[in-house]
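So the chains spell out like this:
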Protein chains: 2
Amino acid sequence: MTEATSRRRGRRPNTESADTRDRILTVAREEFSERGYEKTSVRAIAKAAGVDSALVHHYFGTKEQVFEAAIAVALAPAQNAPAAVADGPLDSVGERLTRFIFGVWENPTTRTPLLAIVRSAVNNEAAAAVFRRLVVSQVLGRVAVQLDVPDAELRAELAGAQLVGCAMLRYVIKVEPLASADVEQVIARVAPVVQGHLTGP
Amino acid sequence: MTEATSRRRGRRPNTESADTRDRILTVAREEFSERGYEKTSVRAIAKAAGVDSALVHHYFGTKEQVFEAAIAVALAPAQNAPAAVADGPLDSVGERLTRFIFGVWENPTTRTPLLAIVRSAVNNEAAAAVFRRLVVSQVLGRVAVQLDVPDAELRAELAGAQLVGCAMLRYVIKVEPLASADVEQVIARVAPVVQGHLTGP
């Protein structure tokens, strides 16, 4: 009997259903991180989680929706950060944004889903769409609306480009000396550049 | 009879052998660009080029070496640019480096192998090593040696991070408005930032 049928018959309490959802998302995150979006199937996620594929579809929908749910849950510890980045004083928004981005990359819990997003987004349009929604809209978009300039979105994206590029070279492709440099030394160099993009002339 | 044996028997002129090498590299570039490094096999390249796998290995060696040769040939039109970027006046090196990078991304002939490098490097360590050799050593390394500062390599890599991030958001993940912005407008914003990383305080 699959978990879906047992759940419909009311034989498992809701907490167990929540546990199953969490287990599916944890497994999905690992599979997407290791293999990338294209090589990961809902079938493989279901198998690794010990459930039926139909249950995964029932809970989350399509593979793209499983991917987005897995990434969003993993980034939940940082979900209030974009608001905090955007809402503080404008003359230090560059440092707040820079510290937020390096913070989520330095933290192993959030680095794994970020690697999954990057690895998948460069190879697959559905995953790129998730990147655009989670990273660009939720982080850069909130910063852009605080800026009182006509090209605010472009400025925010060029600031984001500095940070995305740092993440690529430091955490993904691991270029030295950047990959091993003290993170505070890197932030000290990058934060003023990000600030300049956002509020400079 | 394979091309290798016919070649050894001297039945084909050298120009035809050169044509075969070129054809293999062209096919390899297309395969790596479309599928990424991991999903591309020497066998598939050989089949698409109409030759035996052994001939591909004979000419180029391992899959990593085929990849590097395919990328290097594709980037050949730009091969003198890194020297020209590095050798001009230091107070405009940021603009020269920025124009070089946007130039190779705006050109469809060089964009394809660059996409292949990026798509492959984020998912595979052998491809990441090629990225480090071709991009970091040959481009950023040449700029770094011109700088008379103790942290020249780190500065060059942070400048490179700005450019890599722009390429990711504009050409790979296609974030708007950056993806459709006029390239001269983007260069006007990015070049001073790159210059600042390299020669700023």
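Not measured: the values here are computed from a predicted model.

**Examining helix 7 (residues 93–106) of chain A**
All names here are of chain A. Relative to the 20 Å expected for 14 residues at 1.5 Å per residue, helix 7 spans 20 Å between its end C-alpha atoms, a close match to the ideal helical length. Among the residues making up helix 7, those that are buried are Val93, Gly94, Leu97, Thr98, Phe100, Ile101, Phe102, Val104 and Trp105. Among the structural elements, helix 6 (81–87), helix 8 (108–121), helix 9 (125–144), helix 10 (152–172) and helix 11 (183–199) are those in contact with the buried residues of helix 7.

**A look at helix 9 (residues 125–144) of chain B**
Given 3.6 residues per helical turn, the α-helix brings residues three or four places apart onto the same face. Residue and element names in this part refer to chain B. Its 20 residues place the ends of helix 9 only 24 Å apart at the C-alpha level, less than the 28 Å of an ideal helix rising 1.5 Å per residue. The axis of helix 9 is deflected most strongly, by about 35°, at Val136. Within the sequence span of helix 9, burial applies to Ala127, Ala128, Ala129, Val130, Phe131, Leu134, Val136, Val139, Leu140, Val143 and Ala144. Put simply, Asn124 is the residue that caps the front of helix 9, since its side-chain oxygen is 2.8 Å from the backbone nitrogen of Ala126.

**A few points about the packing of aromatic side chains**
All names here are of chain A. The full count for this structure, using the stated rule, is 12 aromatic pairs over all chains. Relative to Phe60, the ring of Tyr59 lies with its centre 6.0 Å away and its plane at 70°, an arrangement referred to as edge-to-face. The pair Tyr59 / Phe60 is uniform in exposure class, with both members buried. Among the aromatic residues, those joined into a ring-pair cluster are Phe32, Tyr37 and Phe67. Directly above the ring of Tyr59 sits Arg21, whose terminal nitrogen or CZ lies 5.3 Å from the centroid.

**Overview of the domain arrangement of chain A**
A common measure of how large an interface is: the accessible area buried when the components associate. Residue and element names in this part refer to chain A. Once the domains are mapped, chain A shows domain 1 (3–62) and domain 2 (76–199). Taking the mean C-alpha position of each, domain 1 and domain 2 sit 30 Å from one another. Listed by partner, the interface residues are 6 residues for domain 1 and 9 residues for domain 2. Both faces considered, domain 1 and domain 2 share a buried interface measuring about 610 Å² in area, 60% of it formed by carbon and sulfur atoms. In terms of surface lost to domain 2, no three residues of domain 1 exceed Ser33, Tyr37 and Glu38, which account for 71% of the buried area on that side. Linking domain 1 with domain 2 are 0 salt bridges, by the criterion used here. Taken together, the connections running from domain 1 to domain 2 amount to 4 residue pairs in polar contact (both at pLDDT 80 or more). By residue class, the composition of the side of domain 1 that touches domain 2 is 2 nonpolar, 2 polar and 2 charged.

**Examining the environment of Val175 of chain B**
Residue and element names in this part refer to chain B. Take Val175: it is sitting in the loop between helix 10 (152–172) and helix 11 (183–199). Residue Val175 is classed as buried on the basis of its relative accessible area of 2%. Expressed as a C-alpha distance, the spacing of Val175 and Ile187, which sit 12 residues apart in the sequence, is 17 Å.

**Here we look at unusual backbone geometry**
Backbone torsion omega between Glu176 of chain A and Pro177 of chain A reads 10°, so that peptide bond is classified as cis. Within the element layout of this structure, Pro177 of chain A appears in the loop between helix 10 and helix 11. For Lys174 of chain B, which is not glycine, the phi dihedral falls at a positive 55°. Residue placement: Lys174 of chain B occurs in the loop between helix 10 and helix 11. Note on Lys174 of chain B: relative accessible area 49%, which makes it partly exposed.

**Some details on the interface of chain A and chain B**
Contact residues are listed per partner, giving 40 residues for chain A and 40 residues for chain B. Carbon and sulfur atoms supply 66% of the area that chain A and chain B bury against each other, a total of about 3500 Å² over both sides. Summed over the three residues of chain A that lose the most area to chain B, namely Val122, Ile173 and Arg189 of chain A, the buried surface amounts to 19% of that side. In this structure, the connection of chain A to chain B is made through 4 salt bridges. Of the charged contacts in the structure, one is a salt bridge between Glu38 of chain B and Lys39 of chain A, with a shortest N-O distance of 2.6 Å. There are 16 residue pairs in polar contact (both at pLDDT 80 or more) connecting chain A and chain B. Every element with two or more residues in the side of chain A that touches chain B is listed here: helix 2 (14–39), helix 8, helix 9, helix 10 and helix 11 of chain A.

Rules of the game
- Residues numbered from 1 in each chain as written.
- Chains lettered and ligands numbered in written order.
- Predicted model: local features only at pLDDT ≥ 70, side-chain atom pairs only at ≥ 80, totals over all residues.
- Heavy atoms only, no water.
- Helix = DSSP H or I, 4+ residues; strand = E, 2+ residues; numbered from the N terminus.
- Expected span 1.5 Å × (residues − 1).
- Buried < 20%, exposed > 50% of the residue type's maximum accessible area, 1.4 Å probe, protein only.
- Contact = heavy atoms within 4.5 Å.
- Bend = angle between axes of the 7 residues up to and from the residue.
- Polar contact = N/O pair within 3.5 Å; in protein donor to acceptor, adjacent residues only side chain to side chain.
- Phe/Tyr/Trp six-rings, centres within 6.5 Å; stacked < 30°, edge-to-face > 60°.
- Lys NZ or Arg CZ within 6 Å of the ring centre and 35° of its normal.
- Domains from an automatic or database assignment.
- Buried area = accessible area lost by both parts, 1.4 Å probe.
- Salt bridge = Lys/Arg side-chain N within 4 Å of Asp/Glu carboxyl O.
- Nonpolar A, V, L, I, M, F, W, Y, C, P; charged D, E, K, R; others polar.

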